[in-house]
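In case you want the letters, here they are:
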Amino acid sequence: MEKEEAAAAVMEEVIYVAVGRETAKNKSNLTWAIDNSQGNKICIVLVHQPPHMIPVCKFSFSSQYKSKRVNGFDLYFFTYSTVGTRFDAATVDEELVIAYREKQKAKTDKILDEYLRICLKKGVHAEKLCVEMDSIEKGIVKMIHENKVRKLIMGATADKHYSTKMEELRSRKAIFVCQHASPTCCIRFICKGHLIHTRKGRMDEVRALSALLSDFQRLVSSRSSSNSDMLSGSSKVKSGVEEEEGTSRTSSSRSVGTLSYSGGSEASPSVTEDKSNHSSPPPSLPCTGMGLGMISILIHSTKLWHKRAIQNHKLCE
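Here's a quick rundown of the structure. Computed from a predicted structure; not experimentally measured.

Reading the values: the criteria
All residue numbers refer to position in the chain's written sequence, counted from 1. The predicted nature of this model means local features are confined to residues of pLDDT at least 70 and side-chain atom pairs, given and counted, to a pLDDT of 80 or more, with totals for whole chains, interfaces and linings taken over all residues. Side-chain numbers here rest on the full set of heavy atoms in the structure, without hydrogens or water. For helices the rule is a DSSP run of H or I covering at least 4 residues; for strands it is a run of E covering at least 2, with both sets numbered from the N terminus onward. Exposed residues in this analysis have more than 50% of their type's maximum accessible area, buried residues have under 20%, and partly exposed residues fall in between, with area computed by a 1.4 Å probe over protein chains only. Throughout, a contact is declared for two residues whenever any of their heavy atoms are within 4.5 Å. Using the Shrake-Rupley algorithm and a 1.4 Å probe, accessible areas are obtained, with residue cover drawn only from the displayed protein chains. Only the stretch in contact is used when fitting a helix axis, every axis being a line fitted to C-alpha atoms; angles between N-to-C directions are given from 0 to 180 degrees. The labels follow the angle: roughly parallel below 35 degrees, roughly antiparallel above 145, roughly perpendicular from 65 to 115, and oblique for the rest. A clockwise turn of the near helix away from the far one marks a right-handed crossing, whereas an anticlockwise turn of less than a right angle marks a left-handed crossing. For this classification, the nonpolar set comprises Ala, Val, Leu, Ile, Met, Phe, Trp, Tyr, Cys and Pro, the charged set comprises Asp, Glu, Lys and Arg, and every other residue, Gly included, is treated as polar. Expected helix span is computed as 1.5 Å times (number of residues minus one). Here the bend at a residue is taken as the angle between two axes, fitted respectively to the seven residues that end there and the seven that start there. Cavity means a closed set of points on a 1 Å grid over the protein atoms alone, one where a 1.4 Å probe fits but cannot get out, pocket means an open set with protein on both sides within 12 Å along at least 5 of 7 lines, and lining means a residue has an atom within 4 Å of a point. Grid points are joined across faces, edges and corners, and a volume is the space filled by probe spheres set on the points. For two strands to count as paired, DSSP must find a minimum of two bridges between them. Every crossover in which the path from the first strand over the helix to the second runs clockwise, viewed with the strands pointing away from the viewer, is termed right-handed. Every case where a carboxyl oxygen of Asp or Glu lies within 4 Å of a side-chain nitrogen of Lys or Arg is listed as a salt bridge. Pairs of N or O atoms within 3.5 Å make up the polar contacts considered here, provided that, within protein, one atom can donate a hydrogen while the other can accept it, and that residues adjacent in sequence are counted only when both atoms are side-chain atoms.

**Examining the overall build of the chain**
A count of helical and extended segments in the chain gives nine helices and 12 strands. Within the chain, the fraction of its 317 residues that count as buried is 28%. At a minimum sequence separation of 6, the contacts of the chain that also span at least 24 residues come to 72%. A total of about 21400 Å² of accessible surface is found on the chain, and carbon and sulfur atoms cover 55% of it.

Set out below in structure tokens:
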């Protein structure tokens, strides 16, 4: 039953595929992702960069476009051009900026629909995700963190740079994602339909550190409780020993004749057993000899390791 549930969880895991705006240049990587999806769901990710330079419509008027006179009126034609007339969004009317950005966002949605059609032709039903951010690589890293992505496929570099001896990442975006993405995400970098590099997820290390931290915390709690029990037990034993010593003194004064008659060298077996029980060493605890201060240092160090393992790490530092 547990194996079936684990297999179902693997099958339900989503593979995110980061693509670019040009479908022709990213089709080979998407095809590789589909062929190696092993039945997992696929989500196509495209980072949309909001334009900061807004084209402003420019009308020009010239008398050379004057037409013949109609009903006593002269007809003129206006020319419309947007080439070379882009302005910073901060200097353009806000309504024009919003309208143009919505138009560009609609184009991004159409590009994602083209990728979905490629998946449908291969018999795969995929999802689409549009991430809006100025930086493509930072948008991918943010998407991984927000969606808790476990598997990602993206390009290692442009297809024109592919070679059979290629083993390292060459794209600035790929290097940034590899360095800054969550360590729990497994990333496979593809170029021209070939696997170039795999950055394995570090979930095993995170789980191991979590288990180690839990063990240390249990050790401290058990040691502190054992120490308190030993202190309370030692106080009870001490009081019991004092009571027994008083009783033994009274009984010994009453039975001097009996002891001297039997030889005077034999001791009470009950007193001997009690003394042997009291003199026996306490049971050994885990990490006996290690003080609470040292264990606290180990716990603090483990927390630091755990925090570092789940944070974004840099491979090229």
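**Quick look at the packing of helix α4 (residues 136-147) against helix α5 (residues 172-180)**
Axis separation between α4 and α5 bottoms out at 9 Å; the angle between their running directions is 30°. It follows that α4 is roughly parallel to α5 by the angle criterion. The chirality of how α4 crosses α5 is right-handed. Touching Ile-136, Glu-137, Lys-138, Ile-140, Val-141 and Ile-144 of α4 are Arg-172, Lys-173, Phe-176, Val-177 and His-180, all from α5. Here the contact of α4 with α5 is composed, by residue class, of six nonpolar, one polar and four charged.

**A look at the packing of helix α2 (residues 23-35) against helix α3 (residues 94-121)**
Two elements in contact, α2 and α3, have axes whose closest approach is 11 Å; the angle formed by their N-to-C orientations is 40°. Here α3 runs oblique to α2, going by the angle between their axes. α3 is crossed by α2, and the crossing has right-handed handedness. Where α2 abuts α3, its residues Thr-23, Asn-26, Lys-27, Leu-30 and Ile-34 lie against Ile-111, Glu-114, Tyr-115, Ile-118 and Cys-119.

**A few points about α2**
Along its 13 residues, α2 runs 17 Å from first to last C-alpha, staying within 8% of the 18 Å computed at 1.5 Å per residue. In the structure, α2 departs most strongly from a straight axis at Asn-29, where the bend amounts to approximately 25°. Check the buried side of α2 and you find it contacts β1 (14-19), β2 (41-48), α3, β10 (151-155), β11 (186-191) and β12 (194-199).

**Let's talk about the layout of surface pockets**
Roughly 690 Å³ of internal volume is contained in the largest pocket. Every residue lining the largest pocket is counted, 25 residues in all, and those nearest its centre are Val-19, Gly-20, Asn-26, Ala-158 and Lys-173. Of all elements in the fold, only β1, α2, β2, α4, β10 and α5 reach the threshold of two or more residues within the lining of the largest pocket. Of the residues assigned to the lining of the largest pocket, the class counts are 11 nonpolar, seven polar and seven charged.

**Brief notes about the pairing of β10**
In this structure, β1 lies alongside β10, joined through three bridges in parallel fashion. Paired with Val-17 across the two strands is Ile-153, which belongs to β10. With five bridges connecting them, β10 and β11 associate as parallel partners. Paired with Lys-151 across the bridge in β11 is Cys-186. Chirality of the crossover, the property in question, places the unit of β10, α5 and β11 among those that are right-handed.

**Some words on the pattern of salt bridges**
In this structure the tally under the stated criterion is six salt bridges. A salt bridge links Lys-151 to Glu-13; the nearest nitrogen and oxygen atoms lie 3.8 Å apart. Highlighted residues: Lys-151 in strand β10 and Glu-13 in the loop between α1 (2-12) and β1, separated in sequence by 138 residues. The class of Glu-13 is buried, set by a relative accessible area of 19%.

**Here we look at the side chain of Glu-137**
Position of Glu-137 relative to the elements: it lies in helix α4. Of the polar contacts made by the side chain of Glu-137, one reaches the side chain of Arg-172; its length is 2.6 Å. In this structure Glu-137 touches Arg-172, Lys-173, Phe-176 and Val-177, once residues within four positions along its chain are discounted.

**Focus: α4**
Helix length check: α4 (12 residues) gives 16 Å between terminal C-alpha atoms against 16 Å at 1.5 Å per residue, within 8%. Those residues of α4 not exposed but buried are Glu-137, Gly-139, Ile-140, Val-141, Met-143 and Ile-144. Considering only its buried residues, α4 is in contact with β1, β2, β9 (127-132), β10, α5 and β11. The backbone nitrogen of Lys-138 has a side-chain oxygen 3.4 Å away, supplied by the residue at the start of α4, namely Ser-135. Just downstream of α4, Lys-148 is the residue with a positive phi angle, here 50°.

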